[in-house]
Each structure stands twice: as C-alpha cells, then as structure tokens.
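# Architecture at a glance
This is what each chain is made of:
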Amino acid sequence: MAHDIVITGFGALGSFGGSHERLWQALLDGRPLLSKCSRLADQSLAAEITDFNLDDFKRTAKGHRAPRISQYALAAAAQAIHQAKLGAKAVDKDAVSIVYGTGNGPNDVVERNLAAITHSGLGAVEPLSFQESVFNAPASLISIEYSLRGPLLALPMGWAAGGYAVAIAADLILFGHASVVIVVVSDELSDIGHSAMKALKLISPKDDPNDAIRPFDIARSGAICGEGGAAIILETREHATARGAVPLLELAGWGITSDSFGVGPKANGVALASAMLEAVNRAGGLRPDVIYAGSYCTADADLAEAAAIASTFGGENRPLVTNIRGAIGEAKAPTGIFNILAAEASLRTGTVPATTGCRQVDPQCNIEVCIRPTKLASMEAVMCNAFWVNGTNTSLLLRVAR
C-alpha cells in the first residue's frame, strides 16, 4: 500500500548551496537568491549555482568530464545515498533502481554540438559529447559510479518531472521491480533553454531581484529560472528497517494526470485537482495542512492551481499554501523535489515558510497564501504539487514517518 513507502535519504544542490539544510534556511531567510547570470548571454537574472566543485560531494575519475547537468545529478544523489546508507556492501545493487527526471535536459552540450555543426560541419562534433546529449546521461553516470544494476528510467517531463519521477518510483517498488529507488532530478541554465522560456513568456521581465518573482501576487509577471539537482531515496518501511536505514518521511499518496490543452487562458485546474484528489484517496482520505505549490508564477499557472486547490479543499480548515520560487527561483524539475525536502522540514518543525515576493494576494486566487512565516499548532500532512505548460500534473502527499 502507498503508506508503506518511506524516504530514507535527501540530496539538494541549488542557488542556496549544497544541502537540504541550506535549502530550508534559505526559505526561512526569505531573501531572493537571484543575481545577474554571467553564463547567460544577456546576463539576465537567474538563480545560479556558484563555486560548485563535484569533489565536495563525490570523488570521481570520470564525473568531472560530464556536463554540469550530470554533475548536479551526481552531487545530489551522492548526498542521498550517503544518508540512506546505500553505499553499504550488503545492499543488493541489482535491486536498486534510478528514476531520473529533467525539465529541459542537457541543453548546454546540445547547444555546443549545434554550434559546432553549424560552423564546421558534422565532423566538428566531439565523439564523446553525443553520449552526454541524451536525456538519460545523468542517470547513467550515477549508475556507473555506484555500480547499480536495477531498472533505469529517464523522464523528460518538463517542470513536472520531479513529481512524476516520485510517482513512477513508488509504482516500481509496489510492483516489485525494485527494492530501493533513487529519484534524482537536475536542470541547468543555458542560453538556448533560457531563450525558449522567454519566448514562451514564462520569464519575468523585471530586473530587480526583490520584485521579479511574485507568486500568487496581483503583480506577478513570471518566473526567474534557476538550476540544480535534487534526490531522494524511496523504499518500503520494512526494507528500510531491515537494512538499518532511518525513515525520514512517508509518501502517503500520489497522483499524476494530464490535460488536453495544458496551462493557459482556458485552464481551470480540473486535471490538477484530479491529481490532488488521487493523492488524497491513495492516502485513505488524509487531507493536507499545508500545500507547497507547483505554480511557476505566471497568471495562468497561479489561477489554475488556486482553482484546483479551492475546488479540492474548499470550505473550512483550508490548507495553508506556500510557494518556494520567490526565494530560490524556478529550478525546473528539481523544484518538485525541493518541495518535498521543505515539506519534511515543515513537518518536523511545524513551520511554514513565507511565500517570498507575495505582498498582495490576487483576489482571484481564493486560497490561503502564507505571506509570513507561520507556526502551526499541529501538522499531520503536507502536499507537494508540480505541473507544466504541456499539461502534465503531479501531486504528492507526505507525512512524518511513523
């Protein structure tokens, strides 16, 4: 059953630093971690990772030659694997699976290959760079580094990829395909990816870090992109206990759905509401006290998610809603897993971080937006949403591991 799935390891890397503790502190601080990005041609605002060194997370002979998106994934996975004690010799590596999710994939190496072909022809592409341009390259690097031989899946599911990866990982365990699943996600900043997001009008045009991202605010104007990696370890409670791992969080329920038209002017949040209801039903009717939002801070996304939440949890005792993007930017696929790590801290401390950047809630968003840090008297469950413009929706329901 769904309540048998627990999380035994965390890993995080982003503009906030290289641990889930630093992620939580950044959310409590509530200061936008945005700056002019030297790696973007127009030096747009971004939530950029600086001073990254893979050796701080994993000593490796080959990993340094991999693109940043693969190094981010390996760094996050290394943290989670260490915490969950998956490096122990007694672990059956044939039973350890990897489910990898990404929003945009290895854009940087694709961009470099395209430039080489355009300027000098097909022969100009470095032979080894092709294997780094495929979506599963980061997962394959982790598998090789840790000699893991269980199922390996790669899900290029847009900014909903983190939630999808967790849902698929849970199903792999329940259907007996793996005993342990490493869920890992990563995305990187690149000119080609950033230009595409601007063309889709998903990027805020504002250049003031304190005003650029305004989740659920009447003055919201889009997201500011970031980058990073995140990882969690999933397994059954029985399996974790038998091998001496400590359950940190319980995945009580999950739901995945799709829309026919995605998030746009016609969106009313029906499919996202279905995903949330599916998660609640899997958890035996457990209702969340807090929701970590999936909206990427455009008007369409805010209104669609608000409508979904209101229709699913309307009436009295509505859940408190927060959005972490105002503090750490939109890291794409990793943001869905960052939500989970923040949810664990909320459940452990009873604290809900403020929705940084939200100062006047849009009256069309009929939900309880958390605009200042809040301590709840009790907190039993937290919901984490993730969705994307191509109509992919995910909802995860979490509670303290019993």
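Our subject is the structure that appears above.
Let me begin by describing the structure that accompanies this report. Note that the structure is predicted; figures quoted are calculated from it, not measured.

### Focus on helix H1 (residues 20-29)
- Buried within H1 are the following residues: His20, Leu23, Trp24, Ala26 and Leu27. In an axial view of H1, the angular spread of the buried residues amounts to 160°, which keeps them on one side of the axis.
- In this structure, the buried side of H1 is in contact with strand E1 (5-13), helix H2 (68-83), strand E9 (290-292), helix H10 (325-328), helix H11 (333-349) and strand E11 (351-352).
- Gly30 sits one or two positions beyond H1 and adopts a positive phi of about 70°.

### Remarks on helix H6 (residues 191-199)
- Taken as a whole, H6 has its buried residues at Gly193, His194 and Met197. Buried residues of H6, seen end-on, are gathered within an arc of 95° and therefore sit on one face of the element.
- In the stretch just after H6, Lys201 is the one whose phi turns positive, near 60°.

### Re the packing of aromatic side chains
- Summed over the entire model, instances satisfying the criterion amount to seven aromatic pairs.
- Ring geometry for Tyr296 and Phe387: centres 5.7 Å apart, planes at 50°, overall tilted. Remark: Phe387 occurs in strand E14 (residues 381-387) and Tyr296 occurs in the loop between E9 and helix H9 (299-313); sequence separation between them is 91 residues.
- Taking relative accessible area as the criterion, Tyr296 reaches 1% and is therefore assigned buried.
- Three or more aromatic residues joined by ring pairs form one cluster here, namely Trp159, Tyr296, Phe387 and Trp388.
- The ring of Tyr146 is capped by Lys58, whose NZ or CZ atom sits 5.1 Å from the centre of that ring.

### Quick word on the environment of Trp388
- On the secondary structure map, Trp388 appears in the loop between E14 and strand E15 (392-399).
- For Trp388, a relative accessible area of 8% translates into the label buried.

### Considerations on the sheet that holds strand E10 (residues 320-322)
- Strand order in this open sheet of 11 strands is E5-E4-E6-E7-E1-E8-E15-E14-E9-E10-E12, and the pairing throughout is mixed. Two strands in the sheet have a free side with no partner beyond their single neighbour: strand E5 (152-155) and strand E12 (368-369).
- Bridging between strand E4 (residues 96-101) and strand E6 (residues 180-187) involves six bridges; their strand directions are parallel. If you follow Tyr100 over to E6, its bridge partner there is Val184.
- Contacts from helix H5 (residues 161-174) reach E1, E4, E5, E6, strand E7 (228-236), strand E8 (249-258) and E15, with the element oriented near 115° to E8.

### Regarding the nonpolar core
- Ile232 and Ile340 are the most contacted members of the largest nonpolar core, which totals 90 residues.
- Excluding residues within four positions of it along the chain, Ile340 makes contact with Ile7, Val166, Ile232, Leu249, Cys384, Leu396 and Leu398.
- Ile49, Ala66, Ala77 and Ala139 belong to the second-largest nonpolar core, a separate cluster that totals 30 residues.

Basis of the calculations
- Residues numbered from 1 in each chain as written.
- Predicted model: local features only at pLDDT ≥ 70, side-chain atom pairs only at ≥ 80, totals over all residues.
- Heavy atoms only, no water.
- Buried < 20%, exposed > 50% of the residue type's maximum accessible area, 1.4 Å probe, protein only.
- Helix = DSSP H or I, 4+ residues; strand = E, 2+ residues; numbered from the N terminus.
- Arc of directions from axis to C-beta.
- Contact = heavy atoms within 4.5 Å.
- Phe/Tyr/Trp six-rings, centres within 6.5 Å; stacked < 30°, edge-to-face > 60°.
- Lys NZ or Arg CZ within 6 Å of the ring centre and 35° of its normal.
- Pairing = 2+ DSSP bridges.
- Axes fitted to C-alpha atoms, helices over the stretch in contact; angles between N-to-C directions.
- Core = buried A, V, L, I, M, F, W, Y, C linked by side-chain atoms within 4.5 Å.

Taken by themselves, the reported measurements are silent on function.
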